[in-house]
Structure formats: structure tokens, C-alpha cells
Amino acid sequence: MISLWADKTKLEQFPAADRDLQTDVLIVGGGITGILCAHFLQEAGVNYVLAEAGRICMGTTGNTTAKITAQHGLIYEKLVSDWGEELAGMYLRANCGAVEAYRNLCAGIDCGWREQASYVYSRNAQGKLEREIRALEKLHFGAQFADALGLPFSVVGAVRFQGQAQFDPLRFLKAVSRKLTIYENTRIVSVKGNEAVTAQGKKIAAEKIIFATHFPIINTHGFYFMKMYQQRSYVIALENAQTVNGMFIDEAQGGLSFRNADGMLLLGGGGHRTGKQGGCWQELRDFAGKYYPKAREQYHWAAQDCMTLDGIPYIGRYAGKGQEWYVATGFNKWGMTSAMAAAQILRDYVLEKENPYAPVFSPSRRMLKPQLMANMMEAAADLAVFSKKRCPHMGCALKWNSAEHSWDCPCHGSRFTPDGALLDEPANKDSIGEWTREEEFPIYKEGK
């Protein structure tokens, strides 16, 4: 399984850290967020090091559908209702600014940049679309109602954002990362204060640390294991299918997304909580067989996304004000603009500058949401399950993913190969199996 982007673009290779290092800022994680953080810090003249556990961009970044849009589902009516117009406006302006930042950066890069309108469509809930447009009017944003989409099924309409874009993320990041200070195959396994330790026992001392690891790997601060869960989603790339003239996603949970790339249709969907059952690629193939019977599947791949309690990413101080640790996580399937907004916000934290959008993304905002109880109950139930295959992150029983042939953790989303090699965080070691008493509950051992 390999994405269209990874198949067509060979990224630069970077050395592993083979000695102790000292820097002003350590960036942990070499996906798009970490690389953009490094880019902006280098541009500002800050001394930094980026440490990536494997190869850069080979996680969620390499498996995105790469839609660059401030339209994140039908989120703005909810944001206005829950948080008010001021904070909802911050979220909108931060993501519109991210689209513009990509536009400027991509101007000199051959990365398949293409201006596109984005659409959130509905097959049966026109009222939701109308309420979203009214909320956007309150935020002084000119979204439009559209009803002729050209999709292969009937819809009641869509909310359209003009001036959005799509690109090839790995061609973009290959250009951006070329001159950055990056160490690959440098897994950070522990962090105490201002010192990180790699799997090879090397130490990296830094005044400030940015965690851009998709799901934060340190449990003893921030309680991100309570504030998020992870979700799988699937993509197939179809040749001889359809040109859809835009980027489309269903407002309904379990709906499909559409966009074109390299003469193919990227069809996304089949999602489910990591460790649970879902439609996976078969759901997409069944749809393609019905609506695009002459199409040929050229690629298939999957992505994993961190989902927050309220649909807003966590960007800012890792936990409180005691340490110079910062985090960017919980992008809720909208990683392109969220990564750009995060990199700009975290750059300003490092430079001790006020960022006008930081308040809406604060990780320390209130947690009392229904999803918090659902996350806690899921973890409690899974901890009680008898299984020899357990996740080294916090001890949850692993579930076999027959579609992807992996062991998946339904609590926090760590994933492992059939032989136990780590595929996805927050776990940071490869072992799975029957635990001994002294190994249980590593949350209480970290930092000692």
C-alpha cells in the first residue's frame, strides 16, 4: 500500500543523530507540521534541530488527500454556537491565512498547485447548509450555496468556498525540507525537562521543545490520551473515472470525499475509529463498481487522524506554563491548513511574539465535552479485556485490523505490524505481547 504522492516523489534522505546535540529548539516529528515549523524558525534565524523517528513525511502527511481549505466540514455554525463569533472568527481567519501562506510558498515550487473551490455537500439536510452559510455571513465570509455539483448521485446542495487549493504535498515538502536541519531515524523515546533521549541513547538538549508527532508521545503532561482519539480513513485512486471540478466532502459522518489528481479521481471514505470495524477500501470499491464501472484502481492507501473533543486542534503550550514545551495535534482530518496555522503560531511562541489566533487553539481550554467521557469509557473497557497483545503506550488490548493486516489500539490509536513493529504513535516502542507487572501502566513511569 503506497500513496500516489509517495510513489511519484522520492524525498531527500537525512542522517541519523550519531552524537549528542544542543540547540535552541528541538522539533520532534518530521511530518508537514514539523517541517513547516523548521522552515519558519530557519527563516527567523533560530537555531533548531528536527528529529524524525523514521523517514520524513511517511506518516499521515504522505497519505493525505492534500486539500488546502479553510472549509473543515460544517464547522462554523457549531463554532459560533459553542464559542461565539470572536473565537469562531479567529479559527476562520487562521485557516484563511494558512491558505494564503501556502499560495505564497508554492509560487516558486513545482508542486501541482491548483486553485479550486471546495464544497461540503449534503444528500438530505439542506437546513444544515443554510445554517452554515448564515454563520459564515456573521463572520463576514462570502460562502455560496451551490446545487449543481456534477457528482454521480443527487444532493440537496452544498456550501462552496471559492479560492481554495490542492497540491502534491510531497513535491512541496521535498522543496521546503531540502536545506533544513533534519535528523531521520532518530526516535525520541523520553523527554525530561529540556533534554530528549533517542532510541540510540543520544541526548538532545534544547531550551524549547515542539512536539509535532501527530499524537503526543508524553503522557505525564497535558493528558492528551484523554482529550483525543484516532480515526482511520481510506482512499482509492481511480483512472478513467470522473473529473469533478472541485474538492468535495459529505457533511454526514461516513460520507465520501472527491478530488482529482494526476488525471485520477481520489475517492475517500470508509472511515472508522482506530481499532474498530469499518467499511475501509471495500466500501470505496463497491461505490466505484456501481458508479464508475469502467474505472481502474491504480493506488489505495489509508491515513490516520487525531480527533479532539470539540473539533479544534490543540496548538500551543504542551501543558500549563511550567516548561518550554509546545504541541500541535488534533487536526481532525484537516491537516494541511491546520499544520500551516500551527507552524506560524508555534514560531511566534518561540519568538515570544503574540499571535492573534493562538487563543482559539489553546490546549488548556476546557475539556468538559461528551467525547471526553466516551474516550475514558473506551479506554476503561479495553483495559479490562483479556488479551496477550497489548499496546505498550498504556496497556490497552490490541485488535486485529484484517483490512490492513495490523494490530490496532482502540484506546489511543497506536498501530503495529503483525510482528509487533510500531506503525503509528503514541506508543514509542515496537514490543507488543503479554505484559509483566512491572511493565504495566507506563504513564506512571515516564519522567521518573
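See above for the structure.
Cut-offs and rules
Residues numbered from 1 in each chain as written. Predicted model: local features only at pLDDT ≥ 70, side-chain atom pairs only at ≥ 80, totals over all residues. Heavy atoms only, no water. Helix = DSSP H or I, 4+ residues; strand = E, 2+ residues; numbered from the N terminus. Expected span 1.5 Å × (residues − 1). Buried < 20%, exposed > 50% of the residue type's maximum accessible area, 1.4 Å probe, protein only. Phe/Tyr/Trp six-rings, centres within 6.5 Å; stacked < 30°, edge-to-face > 60°. Pairing = 2+ DSSP bridges. Salt bridge = Lys/Arg side-chain N within 4 Å of Asp/Glu carboxyl O.

Colleague: I'd like a description of helix α2 (residues 32–43), backed by residues and values.
Modeller: Because each turn of an α-helix spans 3.6 residues, side chains separated by three or four positions end up pointing in the same direction. A rise of 1.5 Å per residue sets the reference length of α2, with its twelve residues, at 16 Å; its end C-alpha atoms lie 16 Å apart and thus fit the reference within 8%. Most of α2 sits out of view: ten of its twelve residues are buried. Where α2 ends, the next residue or the one after it, Gly-45, has phi of about 80 degrees, a positive value.

Colleague: So what about the packing of aromatic side chains? Which residues, and what values?
Modeller: Taken as a whole and judged by the stated rule, the model has 26 aromatic pairs. Taking 5.7 Å as the distance between ring centres and 35 degrees as the angle between the ring planes, the aromatic pair formed by Tyr-91 and Phe-361 counts as tilted. Taken together, the residues Tyr-91 in helix α4 (residues 85–106) and Phe-361 in helix α10 (residues 358–361) connect sequence positions 270 residues apart. By relative accessible area, Tyr-91 is classed as buried at 2%. Both rings, one in Tyr-224 and one in Tyr-318, keep their centres 5.1 Å apart while their planes meet at 75 degrees; by these two values the pair is edge-to-face. Highlighted residues: Tyr-224 in helix α7 (residues 224–227) and Tyr-318 in the loop between β16 (314–317) and β17 (325–329), separated in sequence by 94 residues. Residues Tyr-224 and Tyr-318 agree in their burial class; the two are buried.

Colleague: Go over the pairing of strand β6 (residues 157–166) with me, naming the residues and quoting the values.
Modeller: The buried count for β6 comes to seven of ten residues, which makes it a mostly enclosed element. With eight bridges joining them, strand β4 (residues 114–122) and β6 adopt antiparallel strand pairing. The partner of Tyr-121 across the bridge, within β6, is Ala-158. Direction of pairing for strand β5 (residues 144–146) relative to β6: antiparallel, over a ladder of three bridges. Directly across from Ala-146, in β6, lies its bridge partner Ala-158.

Colleague: Report on the pattern of salt bridges, specifying residues and quantitative values.
Modeller: Going through the model one piece at a time under the given rule, you end up with 19 salt bridges. Residues Asp-18 and Arg-19 are paired through a salt bridge, measuring 3.8 Å at the closest nitrogen-oxygen approach. On the accessibility criterion, Asp-18 (57% relative accessible area) is exposed. Overall, the relative accessible area of 46% leaves Arg-19 in the partly exposed class. Across the salt bridge formed by Arg-285 and Glu-297, the nearest N and O atoms sit 2.8 Å from each other. Residue Arg-285 is found in helix α8 (residues 280–291), and its partner Glu-297 is found in strand β15 (residues 296–308); the two are separated by twelve residues along the sequence. Glu-297 sits in the partly exposed class, given a relative accessible area of 32%. Connected through salt bridges with shared partners, the residues Arg-232, Glu-404, Asp-408, Arg-415 and Asp-424 form a single ionic network.

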